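Residue-level structural notes
What follows is the residue order along each chain.
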Protein chains: 2
Amino acid sequence: MADVVRLDDPSITLVPGFRAAGVACGLKADKALDLALVSAARPSPAAALFTTNRVRAAPVLHDAALMDAGKPIQAVVINSGCANACTGQRGLDDAVRTCEWTARALGCPQDAVFVMSTGVIGQPLPMTKIGAGIRDAALALSEQGGHAAARAIMTTDTRPKEAAVRVRVGRKEVTIAGMCKGAGMIHPGMATMLALLLTDAAVAPAVLKTALVRVVERTFNMATVDGDMSTNDTVVLLANGQAGNAVLDDIHSPGYEAFEDGLLAVATELAQGLVRDGEGATKFVTIRVSGAESWADAKQVAKSIATSSLVKTAVYGQDANWGRVICAAGYSGVDILPERLCLRMSGDADSLWLVRDGAPYEIDEPRAAAILADDEVTFALDLGMGQAEATVWTCDLSHSYVDINAHYRT
Amino acid sequence: MADVVRLDDPSITLVPGFRAAGVACGLKADKALDLALVSAARPSPAAALFTTNRVRAAPVLHDAALMDAGKPIQAVVINSGCANACTGQRGLDDAVRTCEWTARALGCPQDAVFVMSTGVIGQPLPMTKIGAGIRDAALALSEQGGHAAARAIMTTDTRPKEAAVRVRVGRKEVTIAGMCKGAGMIHPGMATMLALLLTDAAVAPAVLKTALVRVVERTFNMATVDGDMSTNDTVVLLANGQAGNAVLDDIHSPGYEAFEDGLLAVATELAQGLVRDGEGATKFVTIRVSGAESWADAKQVAKSIATSSLVKTAVYGQDANWGRVICAAGYSGVDILPERLCLRMSGDADSLWLVRDGAPYEIDEPRAAAILADDEVTFALDLGMGQAEATVWTCDLSHSYVDINAHYRT
């Protein structure tokens, strides 16, 4: 593992060569920031991953075509308050116009603009407001604009999510930073909700894509809040090359491993941030499944547990109802052997073997209750069948989740 | 469709030749009824379906072996308050002892006793109480005992679920009745929670199994409350033959269709009853998917919508957030074409086309709000790809669901 230095007060504009802004253009009712703009000095190699939902929002369709054409990216424009999803041809036209206006405001090629939207599904983008927002944001771009941009992409998020690290790639210091948004409709599928990752490392496009796929699979795709996969999920990574390192043009290049480690650190912090800020969440829950025959099996069992409404409500109620964990493993679809299951529950200071070899073991209700009073709880399930393991992050299901989602649009 | 006559004040003991009882033996804290016993005059052909959860409770393992051996069944003993699941060898021994004691109390063969348990996972059966309960129940058996038996199998259910019909099979009147329990940990997999179906029809064992599979696939397997599939799900059907009809020994026998129609009516009413009494449910929601290329596709899309926490909370909040319905169809895994989707929402007195050809259509918020104020709401989604359709029943996700499940054990 390379030496990864976490940066204080993280924001995307800690990466040299990028400017950002966040402005309010009236998409949100309360005059909150709702349009973010990020700009590189010149078109930069980019890689992106999108939702696997068959219903893809207009900006996703637009951006996927850009990426398929291998276009470098110079600007990213993101609005909250409206997802521009299920909006038909009008939505596609609006996504194109958003990019056109951004290109004009920045003086960059139109096909170097990447667009993202998040918010309510099925309503058209208010284009007059978008136009004003783009003009304001272009004027406000600065090397201190990262925090405002991170606030401008929030919807039901209660706080911005930002992360930044520095690693040595060859002889050069490289910075990697990112921001993301998302609190509900969060479930791994490819990329989870909107995330923008920036770096000044010099990386060849194909290697950038490989790094993104490898890292997203272990981070954003392992985070779940409610099992609902969005129509707008997008993760995009831009590398402007300004650090001056020898270009990483192969995953065996010296320095690639350090770069991937840095990217992994940033993405892990952001993905965990999504779950910590999950709608109504009172607890951060880690589900670790080991002893599986394959990583895919381990992941499938872990996801089954992590999305169980009954497991999530029991954690909220601080009830050590471990039978629900075993039950969810049982219906995961993986051919587990019940008599081999071992389950351990851990908190900050204590842990208990609740199940050994498929039967109740160290059942100590007062100690279990004390563990479940902690803010962070881990359930580690060993299947006893092989060597593979996987970790998924989830949160509890609380009254507040119902509050937030019963009246989201109103 | 044969003439199916619904019986008033339904209970399982409306079927000639069966007696039942429900007693309190102290498994539930509040002295509520918690042990049910059902007895036939003689061993009767039986068919059963069990959970597909890999973690199967001890009674499921016991009964599956009985069914594999083709044993006729004379008695069914059911306890609530303890699931006898994840209890290892001790649990298996307890299930066997329960059958042994029941056989002794009734004077029937031990391998003619079918046992079911429901309640908390991971705790051993309190056998002293079970023994006393069996003795009391055997003495209490009567032809009026159906209602008490239906109450004795309840857990978080707020009301018993019973149904009974009469159909003409050949020249004879045949009665079919059933009871079931379940309000949470309800998700289709094979059979959903505990259901006991009785009939006085004369049916060959193989035909009984076929009828059960066909009916369960369209009823219990189409009901979902929370997406959690139980370790104990069991549906069992007993046919004592007392109606004296010519034995149905082939699905092409005259009268088979009438029998299946009657069984379907009983199972439909019970399965819908599970959902109506879903934990915390305030609304009964029908998801009908049509225009699919296959029934399996239609079912998969309908289930994806029916289990979405975001759809369920929106219905609870009476918010016509149709984008969540489209979103859930999109991530169902079926290769839908977004531009062909048409979505109609209906209540008691009005209905709206919310989406036509993939785009918002008849969006009328006051009328949508009025529809969502009804107790029963239907979402009909047409995929525009084929002729197949499927219907799934679900309920909303409310604050009460979280209340009930945060502290189930305590």
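Residues numbered from 1 in each chain as written. Chains lettered and ligands numbered in written order. Predicted model: local features only at pLDDT ≥ 70, side-chain atom pairs only at ≥ 80, totals over all residues.

Observations regarding the overall build of chain A
Selection rule: Starting at the N terminus, helices and strands are each numbered in turn, a helix being any DSSP run of H or I of at least four residues and a strand any DSSP run of E of at least two. In this treatment the radius of gyration is a C-alpha quantity, and the globule benchmark scales as 2.2 Å times the residue count to the 0.38 power. Buried means a residue has 20 or more other C-beta atoms within 10 Å of its own C-beta, exposed means 12 or fewer, and partly exposed covers the counts in between; C-beta atoms are placed from the backbone. By the convention adopted here, residues are in contact when the distance between their C-beta atoms, placed from the backbone, does not exceed 7 Å.
The number of helices and strands found in chain A is eleven helices and 16 strands. The globule rule puts the C-alpha radius of gyration for 410 residues at 22 Å, and the 22 Å found for chain A is close to it. By principal-axis analysis of the C-alpha atoms, chain A measures approximately 65 × 55 × 35 Å. Burial statistics for chain A: of 410 residues in total, 61% are counted as buried. Intrachain contacts of chain A at a sequence separation of at least 6 include 80% that bridge at least 24 residues.

Examining the sheet that holds strand E15 (residues 376-382) of chain B
Residues and elements named next belong to chain B. Just so we agree on the cut-off: At least two DSSP bridges between two strands are required for those strands to pair. Every axis corresponds to a line fitted to the C-alpha atoms, with the helix fit spanning only the stretch in contact, and the corresponding angles, defined between N-to-C directions, vary from 0 to 180 degrees.
Here six strands make up an open sheet; going across it, the order is E14-E13-E12-E15-E11-E16 and the pairing mixed. Taken across any chain shown, the strands that pair with only one partner, and hence form the sheet edges, are strand E14 (359-360) and strand E16 (388-395). Examined bridge by bridge, strand E13 (residues 351-356) and E14 share two bridges and lie antiparallel to one another. Of the residues in E14, the one forming a bridge with Arg356 is Ala359. Each of strand E11 (284-292), E15 and E16 touches helix H7 (residues 295-306); the most contacted strand, E16, lies at about 25 degrees to it. On top of the sheet, helix H10 (residues 365-372) reaches strand E12 (342-346), E13 and E15; it is set at about 120 degrees to E13, its chief contact.

Considering the packing of helix H5 (residues 205-218) of chain A against helix H6 (residues 256-276) of chain A
Residues and elements named next belong to chain A. Put simply, the rule reads: Oblique is the label for any angle not covered by the other classes, which are roughly parallel (under 35 degrees), roughly antiparallel (over 145) and roughly perpendicular (65 to 115). Crossing handedness: left-handed means the near helix sits turned counterclockwise from the far one by under a right angle, and right-handed means the same turn made clockwise. In this count, Pro and Cys sit with the nonpolar residues alongside Ala, Val, Leu, Ile, Met, Phe, Trp and Tyr, while Asp, Glu, Lys and Arg are called charged and the others, Gly among them, polar.
Their axes nearest at 10 Å, the elements H5 and H6 cross at an angle of 45 degrees. It follows from the interaxial angle that H5 and H6 lie oblique. In the crossing of H5 with H6, the sense of the turn from one axis to the other is right-handed. For the pair formed by H5 and H6, the contact residues are Val207, Ala211, Arg214, Val215, Val216 and Arg218 on the first element and Tyr256, Phe259, Glu260, Leu263, Leu264 and Ala267 on the second. Taken together, the residues of the contact of H5 with H6 break down into nine nonpolar, no polar and three charged.

So, the packing of H7(B) against helix H9 (residues 322-330) of chain B
Residue and element names in this part refer to chain B. Where H7 contacts H9, the axes come no closer than 8 Å and their chain directions differ by 130 degrees. Looking at the two axes, H7 sits oblique to H9. Remark: the crossing between H7 and H9 carries right-handed chirality. Along the contact surface, H7 presents Val301, Ser304 and Ile305, while H9 presents Val325, Ala328 and Ala329. Considering only residue class, the contact of H7 with H9 consists of five nonpolar, one polar and no charged.

A short note on the domain arrangement of chain A
Residues and elements named next belong to chain A. Here is the rule we go by: Delimitation of the domains relies on an automatic or database domain assignment.
Along its sequence, chain A is carved into domain 1 (5-276) and domain 2 (284-406). Placing the centre of domain 1 and that of domain 2 at their C-alpha centroids yields a distance of 32 Å. In this assembly, eleven residues from domain 1 lie in contact with eleven residues from domain 2. Residues that form the side of domain 1 that touches domain 2 fall into these classes: five nonpolar, five polar and one charged.

Thoughts on the sheet that holds strand E10 (residues 234-239) of chain A
Residue and element names in this part refer to chain A. Ordered by their spatial adjacency, six strands build an open sheet running E1-E7-E8-E9-E10-E4, and the pairing between neighbours is mixed. Edge positions in the sheet fall to strand E1 (5-6) and strand E4 (46-50), since each has one partner strand and no second. As defined by bridge partners, E4 adjoins E10 across five bridges and the pair is classed as antiparallel. Note that in E10 the partner of Ala47 across the bridge is Leu237. Each of E4 and E10 is contacted by H5, which is oriented at about 35 degrees to E4, the strand it contacts most. Together, strand E7 (161-169), strand E8 (172-180) and strand E9 (194-199) form the strand contacts of H6, whose direction differs from that of E7 by roughly 170 degrees.

Some points on unusual backbone geometry
The backbone of Gln318(A) shows a phi angle near 55 degrees, a positive value even though the residue is not glycine. Along the chain, Gln318(A) falls in the loop between helix H8 (309-316) and helix H9 (323-330).

Focus: the environment of Val96(A)
Residues and elements named next belong to chain A. Considering the arrangement of structural elements, one finds Val96 in helix H2 (residues 88-106). For Val96, a count of 16 C-beta atoms within 10 Å puts it in the partly exposed group. Measuring from C-alpha to C-alpha, the distance between Val96 and Val174 comes to 33 Å, with 78 residues separating the pair along the chain.

Some remarks on the confidence of the model for chain A
All names here are of chain A. Selection criterion: Per-residue confidence from the prediction method is given by pLDDT, with values spanning 0 to 100.
This prediction gives chain A a mean pLDDT of 89; 95% of its residues lie at or above 70. The least confident element of chain A, judged by mean pLDDT, is helix H11 (residues 399-406) at 81; the most confident is helix H3 (residues 127-140) at 97. In this model residues 188-192 is a low-confidence stretch, pLDDT under 50, and it forms 32 contacts with partners more than four residues away in sequence or in other chains. The ipTM assigned to the predicted complex is 0.73, against a pTM of 0.79.

As for the pairing of E8(A)
Residue and element names in this part refer to chain A. Among the nine residues that make up E8, seven are buried, leaving the element largely enclosed by the rest of the structure. By the bridge criterion, nine bridges tie E7 to E8 in an arrangement that is antiparallel. Bridging across to E8, Ala163 finds its partner in Gly178. The antiparallel pairing of E7 with E8 creates a hairpin that spans two residues between the two strands, and Gly170 there sits at a positive phi of about 65 degrees. Judged from the five bridges that link them, E8 and E9 form a sheet pairing that is antiparallel. Across the sheet, residue Gly178 finds its bridge partner in E9, namely Leu197.

Some details on helix H7 (residues 295-306) of chain A
Residues and elements named next belong to chain A. So the rule is basically this: A helix's residues, less one, multiplied by 1.5 Å, set its expected span.
Its twelve residues place the ends of H7 16 Å apart at the C-alpha level, agreeing with the 16 Å of an ideal helix rising 1.5 Å per residue. Burial analysis of H7 places nine of its twelve residues in the buried class, the great majority of the element. Within H7, the full set of buried residues consists of Asp297, Ala298, Lys299, Val301, Ala302, Lys303, Ser304, Ile305 and Ala306.

Structural notes on the environment of Glu279(B)
Residue and element names in this part refer to chain B. Inspection of the secondary structure assignment puts Glu279 in the loop between helix H6 (256-276) and E11. Residue Glu279 is classed as buried on the basis of its C-beta count, with 28 C-beta atoms lying within 10 Å. A C-alpha to C-alpha distance of 41 Å links Glu279 and Gly244, two positions 35 residues apart in sequence.

A closer look at helix H1 (residues 58-68) of chain A
Since the α-helix packs 3.6 residues into each turn, any two residues three or four apart lie on the same face. Residue and element names in this part refer to chain A. Listed as buried for H1 are Ala58, Pro59, Val60, His62 and Asp63. At its buried positions, H1 is contacted by E4, H2, strand E6 (113-117) and E10. Once H1 ends, the next one or two residues include Gly70, with phi positive near 70 degrees.

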